[in-house]
Amino acid sequence: IPEVCFAGRSNVGKSSLINALLNKKKIARTSNVPGKTQQMNYYKVGDDFYLVDLPGYGYAKVPKKERERWGQNIRSYLMDRQNLKLVLHVVDARHDPSRLDEDFFYWMAMNEKPFSVLMSKADKISRNKVNQSKAKVRRVLKEMNIEVPIIPYSADNRDGIEEIRSLIKEFINH
Ligand code: GDP
């Protein structure tokens with residue numbers, strides 16, 4: 001069964017997005033406590049595919065040893081998983097991509113892994129600001145010669161959710 005996974009730092013909105021895509025209120029656990037998702041969680045969508053929530057990176061309270069071990073696990077998952085069709089990297093629409101985000105984009109591109117950048121919490125800023133943020137992300141990617149879909153969305157008002165759904169469909173079907 002094909003898989004689509006979600007990457008991004010803790011608290012960026014991955015669980016809320018998974019819930020929005022699943023059309024359910026309380027499957028993926030959301031919280032205000034950064035770093036709560038420390039395991040990979042699988043959510044089956046019909047008989048078609050799995051959504052996989054990866055542990056958020058950059059959570060300082062987790063011991064360094066632990067963080068490194070998780071980093072290794074995630075890297076080998078992203079690198080070797082045969083049925084992984086698409087990686088959705090979530091960033092907060094209100095902030096410029098961090099160094100960690102940029103490193104991730106670069107690493108994915110170098111390894112020729114299909115990914116897309118999703119910009120969460122778009123409802124928290126004006127449409128104008130959303131467009132500016134999107135242009136900024138596109139510029140950052142362009143500098144690394146990367147061209148991938150960039151989709152702003154809101155798990156709250158569901159803007160962009162259908163577009164993300166279509167993107168997923170497109171990738172799991174080949
Ligand atoms: P995760 O750690 O990446 O799984 O992040 P969560 O899904 O738990 O979300 C972290 C916080 O951001 C929660 O308080 C969510 O309610 C909030 N949040 C997530 N997505 C959105 C969104 O699209 N709009 C708004 N306004 N808040 C959001």
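Predicted model, so just to flag it, every value in this text is computed and none were measured. (Residues numbered from 1 in each chain as written. Predicted model: local features only at pLDDT ≥ 70, side-chain atom pairs only at ≥ 80, totals over all residues. Heavy atoms only, no water.)

For the rest of this paragraph, the subject is the packing of aromatic side chains. On inspection of all chains with the given rule, the structure shows 2 aromatic pairs. When the centroid spacing of 5.5 Å and the interplanar angle of 80° are considered together, the rings of Y42 and Y50 count as edge-to-face. Residue classification places Y42 among the partly exposed positions, given a relative accessible area of 34%. Using a relative accessible area of 22% as the deciding quantity, one classes Y50 as partly exposed. (Phe/Tyr/Trp six-rings, centres within 6.5 Å; stacked < 30°, edge-to-face > 60°. Buried < 20%, exposed > 50% of the residue type's maximum accessible area, 1.4 Å probe, protein only.)

Formed by 25 residues in total, the largest nonpolar core has its most connected members in C5, L54, L78, V87, F115, V117 and L141. Going through the elements one at a time, β1 (3-7), α2 (64-80), β4 (84-92), α3 (99-110), β5 (115-120) and α4 (127-143) are the ones with two or more residues in this core. Here L141 is in contact with F105, F115, V117, I146, V148 and I150, once residues within four sequence places are set aside. Membership of the second largest hydrophobic core comes to 23 residues, among which are L51, L86, Y153 and L167. (Core = buried A, V, L, I, M, F, W, Y, C linked by side-chain atoms within 4.5 Å. Helix = DSSP H or I, 4+ residues; strand = E, 2+ residues; numbered from the N terminus. Contact = heavy atoms within 4.5 Å.)

The next thing to look at is the packing of helix α1 (residues 14-22) against helix α5 (residues 161-172). Closest axis-to-axis distance for the α1/α5 pair is 10 Å, and the angle between their directions is 80°. Classed by the angle they form, the pair α1 and α5 counts as roughly perpendicular. Where α1 approaches α5, its residues L17, A20 and L21 are matched on the opposing element by I161, I164, R165 and I168. Of the residues contributing to the contact of α1 with α5, the split by class is 6 nonpolar, no polar and 1 charged. (Axes fitted to C-alpha atoms, helices over the stretch in contact; angles between N-to-C directions. Parallel < 35°, antiparallel > 145°, perpendicular 65-115°, else oblique. Nonpolar A, V, L, I, M, F, W, Y, C, P; charged D, E, K, R; others polar.)

Between its first and last C-alpha atoms α5 spans 17 Å; for 12 residues at 1.5 Å apiece the expected length is 16 Å, and the two agree. The inward-facing, buried residues of α5 contact β1, α1, β3 (49-53), β4, β5 and β6 (150-152). (Expected span 1.5 Å × (residues − 1).)

For the ligand, the set of nearby residues contains 16 residues, the closest of which are N11, S15, S16, D123 and A155. Between an oxygen atom of the ligand and a main-chain N or O atom of N11, the distance comes to 2.7 Å. D156 is positioned such that a nitrogen or oxygen atom in its side chain is 3.3 Å from a nitrogen atom of the ligand. Looking at side-chain class alone, the shell around the ligand contains 2 nonpolar, 9 polar and 5 charged residues. (Near = heavy atom within 4 Å. Polar contact = N/O pair within 3.5 Å; in protein donor to acceptor, adjacent residues only side chain to side chain.)

Along β4, 8 of the 9 residues are buried, which leaves the element largely enclosed by surrounding structure. Bridge analysis of β1 against β4 gives 5 bridges, and the strand direction is parallel. Each bridged residue has a counterpart across the sheet, and for F6 the counterpart in β4 is L88. As paired strands, β4 and β5 are joined by 6 bridges and run parallel to one another. (Pairing = 2+ DSSP bridges.)

For the rest of this paragraph, the subject is the pattern of salt bridges. Counting across every chain of the model gives 5 salt bridges. In this structure, D96 engages K136 in a salt bridge whose closest nitrogen and oxygen atoms are separated by 3.7 Å. Taken together, the residues span a long stretch of sequence, with D96 in the loop between β4 and α3 and K136 in helix α4 at a distance of 40 residues. Among the ionic pairs, R165 bridges to E162, the shortest N-O distance being 3.2 Å. (Salt bridge = Lys/Arg side-chain N within 4 Å of Asp/Glu carboxyl O.)

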